[in-house]
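Summary of the model geometry
Listed below are the residues making up each chain.
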Amino acid sequence: MRKRTWWLAGLLAVAVLAVGTHMMSKSRCFQLVGDVVCRVETDRRIVALSFDDGPTPEGTDAVLATLEEYGVTATFFLIGNRLERFPGQAERLTAAGHEIGNHSYSHQRNLFRSRDFYRSEVRDTDALLREAGIVTDLFRPPFGKRLIGLPLEVDNAGYRTIMWDVEERPEDFDDPEEFAADIVSRVEPGSIILMHPMYRHNDVARAALPLVLQGLAARGYEIVTVGELLAHGESAASQ
Ligand SMILES: [Zn+2]
């Protein structure tokens with residue numbers, strides 16, 4: 001009986017540890033190593049709009065045209081192997097005044113990998129961005145997942161981890177108006193919004209983008225880049 005109790009307690013401890021590790025790996029506002037930001041404290045009605053993945057030529061076409069129409073600048077987290085496959089797209093984004101961040105090289109799940117894996121995921125994309133004339137200190141983990149190895153390398157490479165507090169919910173809303181209204185309803189001053197309009201299957205996100213921009217404007221929000229939002233948060237905190 002006693003042996004069985006110990007065995008059960010051990011099993012429970014392993015389960016708690018596994019759940020805890022899983023929760024921590026996807027926590028938006030907390031990580032064990034290095035700097036992480038999921039939103040900024042402010043009373044001003046400003047928000048940052050961020051786009052993950054790509055760049056793809058058709059995604060860049062779609063998003064650039066919409067942002068230009070509304071006079072908005074945003075932050076794009078780009079994947080290294082897409083930068084190699086579609087040269088010139090990152091330059092198009094920066095030429096239009098947008099901000100670029102690093103979103104890993106291969107966009108693989110990245111828990112329990114080697115130090116060399118993390119190093120090349122961060123630094124290979126860093127090198128590709130520099131070749132395109134882009135220097136950034138913004139890193140977003142693929143799937144938002146990380147524990148210790150990736151944040152350590154992100155920190156060593158001079159980056160900070162940028163998460164988000166408002167994410168699109170395509171699994172719940174396939175109508176662009178509802179999709180956009182859901183995002184806009186959850187935004188607060190200092191929010192970082194995450195959308196995925198780069199790939200063809202993201203047509204709802206693409207169709208919703210102008211509606212998100214209209215909805216934010218109607219609620220009095222100004223859209224800035226992540227870098228501008230961070231700078232505002234730091235100056236607000238030091239006052
Ligand atoms: Zn991604």
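Owing to the predicted nature of the structure, the values given are computational and were not obtained by experimental measurement.

Moving on to the overall build of the protein. Scanning the protein from terminus to terminus reveals nine helices and nine strands. For a compact globule of 239 residues, the expected C-alpha radius of gyration is about 18 Å, and the protein comes in at 19 Å, within 12% of that figure. If one aligns the C-alpha atoms of the protein with their principal axes, the spans along those axes are about 70 × 45 × 40 Å. Counting contacts in the protein only where the partners sit at least 6 residues apart, residues at least 24 apart contribute 77% of the total.

Our focus in this paragraph is unusual backbone geometry. Among all residues save glycine, negative phi is the norm, and among peptide bonds the norm is trans. In this model, Gly54 is joined to Pro55 through a cis peptide bond whose omega is 15°. Relative to the helices and strands, Pro55 resides in the loop between β2 (46–52) and α2 (57–70). Its identity as a non-glycine residue notwithstanding, Ser104 has a phi of 80°, on the positive side. Counting through the fold element by element, Ser104 comes out in the loop between β4 (99–102) and α5 (115–131). Of note, the phi angle at His107 is positive, near 55°, even though the residue is not glycine. By secondary structure assignment, the location of His107 is in the loop between β4 and α5.

What follows deals with the coordination of the zinc ion. Coordination of the zinc ion by the protein involves Asp53 (OD), His103 (NE2) and His107 (NE2), with metal-donor separations of 2.1 Å. Considered as a linear motif, the donors of the zinc ion on their single chain read D-x49-H-x3-H. The buried category is assigned to His103, whose relative accessible area is 1%.

Now for the domain arrangement of the protein. Note: interface size is frequently given as the accessible area lost on complex formation between the parts. When the domains of the protein are assigned, the result is domain 1 (1–30) and domain 2 (31–237). Computed over C-alpha atoms only, the centres of domain 1 and domain 2 are separated by 33 Å. Taken together, the contact pairs nine residues of domain 1 with 14 residues of domain 2. Surface buried jointly by domain 1 and domain 2 totals about 970 Å² across both partners, of which 58% is contributed by carbon and sulfur atoms. For Arg28, the salt bridge is made with Glu167, and the minimal N-O distance between the two is 3.0 Å. Applying the counting criterion to the domain 1 and domain 2 interface returns six residue pairs in polar contact (both at pLDDT 80 or more). Class assignment of the residues belonging to the side of domain 1 that touches domain 2 gives a composition of three nonpolar, four polar and two charged.

Looking now at the environment of Pro170. Among the structural elements, Pro170 can be located in the loop between β7 (166–167) and α7 (176–186). The class of Pro170 is partly exposed, set by a relative accessible area of 46%. The sequence separation of Pro170 and Val14 amounts to 156 residues, and the corresponding C-alpha distance is 34 Å.

With that out of the way, let us pick up helix α9 (residues 226–237). Its twelve residues place the ends of α9 16 Å apart at the C-alpha level, agreeing with the 16 Å of an ideal helix rising 1.5 Å per residue. Taken together, the buried positions of α9 are occupied by Val226, Leu229, Leu230, His232 and Gly233. Angularly, the buried residues of α9 cover 160° about the axis, an arc narrow enough to put them on a single face.

Overall, the coordinates contain one disulfide when judged by the stated rule. Residue Cys29 pairs covalently with Cys38 via a disulfide, S to S 2.0 Å. Judged by the sign of its S-S torsion, about 105°, the cystine formed by Cys29 and Cys38 is right-handed. Since its relative accessible area comes to 47%, Cys29 is described here as partly exposed. The exposure class assigned to Cys38 is buried, which follows from its relative accessible area of 7%.

Now for the packing of α2 against helix α8 (residues 203–218). Relative orientation of the contacting elements α2 and α8 amounts to 20°, with a least axis distance of 10 Å. When the axis of α2 is compared with that of α8, the two are roughly parallel. Where α2 crosses over α8, the two elements pack in a sense that is right-handed. Within the contact between the two elements, α2 uses Glu58, Gly59, Ala62, Val63, Thr66, Leu67 and Tyr70 and α8 uses Arg206, Leu209, Pro210, Leu213 and Gln214.

This next bit is on the pattern of salt bridges. Counted according to the given criterion, the structure contains twelve salt bridges. The residue Arg186 makes a salt bridge to Asp182 at a minimum N-O spacing of 2.8 Å. With Arg186 and Asp182 both in helix α7 and four residues apart, this pair spans about one turn of that helix. The exposure class of Arg186 is partly exposed, given its relative accessible area of 26%. With relative accessibility at 7%, the residue Asp182 sits in the buried group. Each of Asp35, Arg160 and Glu234 takes part in salt bridges that share partners, so that together they form one network.

Calculation criteria
- Residues numbered from 1 in each chain as written.
- Predicted model: local features only at pLDDT ≥ 70, side-chain atom pairs only at ≥ 80, totals over all residues.
- Heavy atoms only, no water.
- Helix = DSSP H or I, 4+ residues; strand = E, 2+ residues; numbered from the N terminus.
- Rg over C-alpha atoms; globule rule 2.2 N^0.38 Å.
- Contact = heavy atoms within 4.5 Å.
- Donors = N, O, S within 2.8 Å, 3.2 Å for Na, K, Ca; no water.
- Buried < 20%, exposed > 50% of the residue type's maximum accessible area, 1.4 Å probe, protein only.
- Domains from an automatic or database assignment.
- Buried area = accessible area lost by both parts, 1.4 Å probe.
- Salt bridge = Lys/Arg side-chain N within 4 Å of Asp/Glu carboxyl O.
- Polar contact = N/O pair within 3.5 Å; in protein donor to acceptor, adjacent residues only side chain to side chain.
- Nonpolar A, V, L, I, M, F, W, Y, C, P; charged D, E, K, R; others polar.
- Expected span 1.5 Å × (residues − 1).
- Arc of directions from axis to C-beta.
- Disulfide = S-S within 2.5 Å.
- Axes fitted to C-alpha atoms, helices over the stretch in contact; angles between N-to-C directions.
- Parallel < 35°, antiparallel > 145°, perpendicular 65-115°, else oblique.
- Left-handed = near helix turned anticlockwise from the far one by under 90°.

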